[in-house]
Amino acid sequence: MRQFTIVMSKTCLRCNKSFNESEVEDEISQKYPSCPECWKEWTTYAVMVMNEMRLDMSLPEHRKALRKYEKGFFDKTIGEIEKKPENK
């Protein structure tokens, strides 16, 4: 009996390019279907946002701020980096 592997093709939210799910190494990237190139671009941008805004990922409001940028990055609605969220 033959066994077949089904390769699912998805469309990247950011660049609209088709890619195979098997090409993506980071499982977290499944939250926003993205090709490996756009996911790498996001991770680089995320570090810049965290540094620029001096985000502390141990604080819930800072994680929420980063998620806002993540959503904006993949929805293509991202603007300038806003001021630092208030520490509580």
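Placed above this text is the structure.
Residues numbered from 1 in each chain as written. Predicted model: local features only at pLDDT ≥ 70, side-chain atom pairs only at ≥ 80, totals over all residues. Heavy atoms only, no water.

J.: Which parts of the structure should I look at to understand the overall build of the protein chain?
T.: A count of helices and strands for the protein chain gives two helices and two strands. In the protein chain, which comprises 88 residues, the share counted as buried stands at 27%. In the form shown here, the protein chain has an accessible surface area of approximately 6700 Å², with 52% of it arising from carbon and sulfur atoms. (Helix = DSSP H or I, 4+ residues; strand = E, 2+ residues; numbered from the N terminus. Buried < 20%, exposed > 50% of the residue type's maximum accessible area, 1.4 Å probe, protein only. Areas by Shrake-Rupley, 256 points an atom, 1.4 Å probe, with all protein chains shown as cover.)

J.: Sorry if this is basic, but what is going on with helix α2 (residues 60–75) here?
T.: Think of an α-helix as 3.6 residues a turn; residues three or four steps apart then line up on the same face. For α2, with 16 residues, the first-to-last C-alpha span of 22 Å sits near the 22 Å given by 1.5 Å per residue. All buried positions along α2 are accounted for by His62, Ala65, Leu66, Tyr69, Glu70, Gly72, Phe73 and Phe74. Contacts made by the buried residues of α2 are with α1 (36–53). The first or second residue beyond α2 is Lys76, which carries a positive phi of 60°. (Expected span 1.5 Å × (residues − 1). Contact = heavy atoms within 4.5 Å.)

J.: Help me out: how do you make sense of the packing of aromatic side chains in this one?
T.: Two numbers describe a pair of aromatic rings. These are the distance of the centres and the angle of the planes. Counted under the stated rule, the structure contains seven aromatic pairs. Each ring, one from Trp42 and one from Tyr45, has its centre 6.2 Å from the other, and the planes form 45°; the classification is tilted. Here Tyr45 and Trp42 lie together in helix α1, a separation of three residues that amounts to about one turn. An angle of 85° between the planes, with centres 5.0 Å apart, marks the rings of Phe73 and Phe74 as edge-to-face. Comparing Phe73 with Phe74, the two get one shared label, buried. (Phe/Tyr/Trp six-rings, centres within 6.5 Å; stacked < 30°, edge-to-face > 60°.)

J.: Looking at this model, I keep getting lost on the pattern of salt bridges. Mind explaining?
T.: Opposite charge on two side chains allows them to pair when their charged atoms are near. Counted according to the given criterion, the structure contains four salt bridges. A salt bridge links Lys17 to Glu37, with the shortest nitrogen-to-oxygen separation between them at 2.8 Å. A residue pair is termed long-range when its members are at least 10 positions apart, and Lys17 in the loop between β1 (9–11) and β2 (18–20) and Glu37 in helix α1 qualify at 20 residues. The class for Glu37 is partly exposed, based on a relative accessible area of 48%. Here Glu70 ties to Lys31 by a salt bridge, and the two come within 3.3 Å at their closest N and O atoms. Of the two residues, Glu70 is situated in helix α2 and Lys31 in the loop between β2 and α1; the sequence distance between them amounts to 39 residues. When its relative accessible area of 9% is taken as the criterion, Glu70 is described as buried. Residue class for Lys31 comes out partly exposed when judged on its relative accessible area of 48%. (Salt bridge = Lys/Arg side-chain N within 4 Å of Asp/Glu carboxyl O.)

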